[in-house]
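Structural characterization, general
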Amino acid sequence: MASVESRNKLVASALCKHLLLDPSIIPVDSLSSDVKNLYSNIKAASANAFNRSDEVLKWVEFVEAFPLACEQNFENLKTLNDELSVKSVLLGNGLKTSEADVIVFSVIHSSVINLPNPNKEKLPNVLRWMDYIQHKEDFVGLFEKISLQKPEFEPPVNVTKPAVSSEADSKSTKTEQSVKNVNKKEADASKDKSKADSIKEKPAGDKEPTKVKAKPAEKEVSEKDNELSVSLLNIQVGLIRKAWKHPSADSLLVEEIDVGEAKLRQVVSGLAKYCSPDELTNRLVVLITNVKPGKLRDVTSEGLVLCASNEDHSKVEPLLPPEGAKIGEHVSFSGIDGKPEDVLNPKKKQLEKITPNLFTDEKGVATFKGIPFMTSGGPCTSSIAKATIK
C-alpha cells in the first residue's frame, strides 16, 4: 500500500513538470498533508496563472476520497470512466491538459497499472485518457508507461498433449506425421546426393503440410492490413447551406456544405428516406473530406457525410457536432496522432477497413474504438445509442 507522503511526492513532481516549476519551492511539510493543501501551496509558490481553480478542486476532492489500497479503487475508477465518456480531458477544455488531469493521473496510476486485465477492459475511457496524458506530459522517470495494446497470446511451452479422441484430432496427428515424413526424406536426400532425382518428385499428399504452414502467416498479414488508423481520414465539421432531392434517384439527396473553404462542397447522401431537405438545411454535420470525388447517378460528390444507424437501418441520422464546434474544424481523437491522406485510395479499401471501428456508445457519443470524436466544443453525438457509423 502506498503512503500519503509517497503519493504526494508523485503529485508534486508531476505538477512541477507540468507547470515548469523548481520542486524546491514546495514546502517539505506539505508532502505529509492532504492533496488540497499541497495544491494550494504549489499554487501560492508559483507565479503561473491558475485558471478554473474551483473545477480543479473538484478533482482534488475526488482523489482525496480515493483509497490508498489498490483493491478498493475499482468503483472509483468506474465513476471516472463514466465521466470521461463524453470528454477527452477532465476540465473538458478541448484537448488541453490541466492541473486536474495531472493530479488525478498521479494518484490513480499505480491502481490502474495493478488492475487485472478483465477489469482494465471495463475502463476503456480511463485507459484512453491516461494514454493521452502520458503522451502530452513529460513524465519520463516518474511513471511506468501504460499501454493500450493487449499482450499477444503466447502458447504454453512443453504442455502435455491430451489423447486423440476425435476425428479432427486424428487428422491433425496424421498431418504432423506427414510433415515428419517429408522432413526425413529431405534429410536423406542431403546425405545421398545420388538419390536427389528420385526424391524431387513428391507424392501429392506431401504438399498439404506446406499449405498448413503458410496459413498463419497469411492470416497475420491480413489482420495487420485490416488495422488502419482513423488518422488517415480527414474528418471535419460542416454546415449544410442548401439541400435538395437528387434529380434522378429517389433515395439520394444533394447537399452544399460549408467546411470553411472558398467554395461550398457538393455531397450526395443516401438520406432521402430519413431526412427532408428542409431538415438538413442549416444543420451542422460531420463529414470525411478526403474521399476521392466521384459521380453518383451523374451528380458529383466531394465528401461523405457520416451517419449513425441502428441495427436494422430503420433509423439513420447524420452525426451532430456540439453547438460550440467551429465550421471547418478537424475532428480529433485523444491519443491518436497522424496526418490524413491527401486523398483516400479506393483500391486500398482504407475506408472499408476503418469504418467497422466507428460506432456510438451507450450515451450516443460517436467514437473510434471507444475514443470520442472530439471538437473544440466537445464530442460529436447521435440520438441513436450503440449505432454503427458510416
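Computed from a predicted structure; not experimentally measured.

A count of helical and extended segments in the protein gives 12 helices and 15 strands. Considering the protein as a whole, with its 390 residues, one finds that 42% of them fall into the buried category. Here the contacts in the protein between residues at least 6 apart in sequence split such that 66% fall between residues at least 24 apart. Of the accessible surface of the protein, which amounts to about 22500 Å², a share of 51% is contributed by carbon and sulfur atoms.

On to helix α4 (residues 74-83). Every buried residue of α4 is accounted for by F74, N76, L77, L80 and N81. The buried side chains of α4 occupy one side of the element, clustering within an arc of 155° when seen end-on. If you follow the buried residues of α4, they end up packed against α3 (53-64), α5 (99-113), α6 (117-120) and α7 (124-136).

The next subject is the sheet that holds strand β1 (residues 235-245). Across the sheet, which stays open at both edges, the five strands sit in the order β3-β2-β1-β4-β7 with antiparallel pairing between neighbours. What marks the edges here is a single partner per strand, and that holds for β3 (265-269) and β7 (304-305). In the sheet, β1 pairs with strand β2 (residues 253-258) via six bridges, with the strands oriented antiparallel. Bridging across to β2, K245 finds its partner in L253.

Counted at 1.5 Å a residue, the expected span for α3 with its 12 residues is 16 Å, and the 16 Å between its end C-alpha atoms agrees. Listed in full, the buried residues belonging to α3 are S53, V56, W59, V60, F62 and V63. One side of α3 carries all its buried residues, which in axial view fall inside an arc of 160°. With respect to the buried face of α3, the exposed residues turned more than 90 degrees away are D54 and E61. Lining the buried residues of α3 we find α1 (4-19), α2 (35-45), α4 and α5.

Turning next to the pairing of β1. With five bridges connecting them, β1 and strand β4 (residues 284-288) associate as antiparallel partners. Within β4, the residue paired with Q236 across the bridge is L287.

Below, the discussion takes up the confidence of the model for the protein. For the protein, mean pLDDT is 79; residues scoring 70 or higher make up 74% of the total. Below a pLDDT of 50 lies the segment residues 193-200, which in the model reaches two contacts outside its immediate sequence neighbourhood of four places, other chains included. Low confidence marks residues 217-226, where pLDDT is under 50. Its contacts with residues over four positions away, or in another chain, come to two contacts.

General note: in soluble globular proteins, nonpolar side chains tend to be found buried as a group. Counting 44 residues, the largest nonpolar core has L80, I103, V104, I108 and W129 as the members making the most contacts within it. Counting residues per element, the ones that place at least two in this core are α1, α2, α3, α4, α5 and α7. Per element, the largest residue contribution to this core is eight residues, and it comes from α5. Judged by nonpolar contacts, the second largest core, of 28 residues, contains L239, L306, F333 and I371.

Each pair of aromatic rings is reported with the distance of its centres and the angle of its planes. Under the definition given, this model contains seven aromatic pairs. Centre to centre, the rings of F333 and F368 are 6.3 Å apart; their planes meet at 75°, and the pair counts as edge-to-face. Note that F333 is positioned in the loop between β9 (316-318) and α12 (350-354) and F368 in strand β11 (residues 366-368), a separation of 35 residues in sequence. The exposure classification of F333 matches that of F368, with both residues buried. Ring geometry for F333 against F373: centres 4.9 Å apart, planes inclined by 70°, an arrangement best described as edge-to-face. Of this pair, F333 sits in the loop between β9 and α12 while F373 sits in the loop between β12 (371-372) and β13 (374-375), and the two are 40 residues apart along the sequence. The structure contains a cluster of three or more aromatic residues connected by ring pairs, namely F105, W129, F139 and F143. Over the ring of W244 we find K242, and its NZ or CZ is 5.3 Å from the ring centre.

This part is about the environment of E55. Assignment of secondary structure puts E55 in helix α3. Along the chain, E55 and E99 lie 44 residues apart, while their C-alpha atoms are 10.0 Å from each other.

This brings us to the side chain of E137. Position of E137 among the secondary structure elements: in the loop between α7 and α8 (167-191). An unpaired buried charge is present at E137: no salt bridge exists, and K136, the closest side chain of opposite charge, is 7.8 Å distant. Only 3.0 Å separates the side chain of E137 from the side chain of H18, close enough to count as a polar contact. Of the polar contacts made by the side chain of E137, one reaches the side chain of T97; its length is 2.7 Å. Contact partners of E137, with chain neighbours within four places excluded, come to H18, T97 and V102.

What counts as what
- Residue numbers run consecutively from 1 along every chain, following the written order of its sequence.
- Given that this is a predicted model, residues contribute local features only at a pLDDT of at least 70 and side-chain atom pairs are listed and counted only at 80 or more, while totals for whole chains, interfaces and linings are drawn from all residues.
- Each side-chain value is derived from all of the structure's non-hydrogen atoms; neither hydrogens nor water enter the calculation.
- Think of it this way: any DSSP run of H or I at least four residues long counts as a helix, any run of E at least two long counts as a strand, and we number them from the N terminus.
- Throughout, exposure labels follow a simple rule: accessible area from a 1.4 Å probe, protein chains only, divided by the maximum for the residue type, with under 20% read as buried, over 50% as exposed, and the rest as partly exposed.
- Only heavy atoms matter for contacts: two residues are in contact if any of them lie within 4.5 Å across the pair.
- Every accessible area reported is derived by Shrake-Rupley at a probe size of 1.4 Å, with residue values counting cover from the shown protein chains alone.
- Our arc is simply the arc of the directions from the helix axis toward the C-beta atoms.
- Two strands are counted as paired when DSSP detects at least two bridges linking them.
- Multiplying one less than the number of residues by 1.5 Å gives the expected span of a helix.
- Residue-level confidence of the predictor is what pLDDT reports, using numbers from 0 through 100.
- Within this scheme, the nonpolar core is defined by two criteria: the residues are buried Ala, Val, Leu, Ile, Met, Phe, Trp, Tyr or Cys, and they are joined through side-chain atoms within 4.5 Å.
- Two rings belonging to Phe, Tyr or Trp (six-membered ring only in the last case) form a pair when the distance between their centres is within 6.5 Å. Interplanar angles under 30 degrees mark stacking, angles over 60 mark edge-to-face geometry, and anything in between is tilted.
- Only lysine NZ and arginine CZ atoms are considered, and such an atom sits over a ring when it is within 6 Å of the ring centre and within 35 degrees of the ring normal.
- As used throughout, the charge tally considers Lys and Arg to be positive and Asp and Glu to be negative, leaving His and the chain termini uncounted.
- Salt bridge, as used here, is a side-chain nitrogen of Lys or Arg placed within 4 Å of a carboxyl oxygen of Asp or Glu.
- Two N or O atoms form a polar contact when they lie within 3.5 Å of each other; inside protein one atom must be a possible hydrogen donor and the other a possible acceptor, and for residues adjacent in sequence the pair counts only when both atoms belong to side chains.

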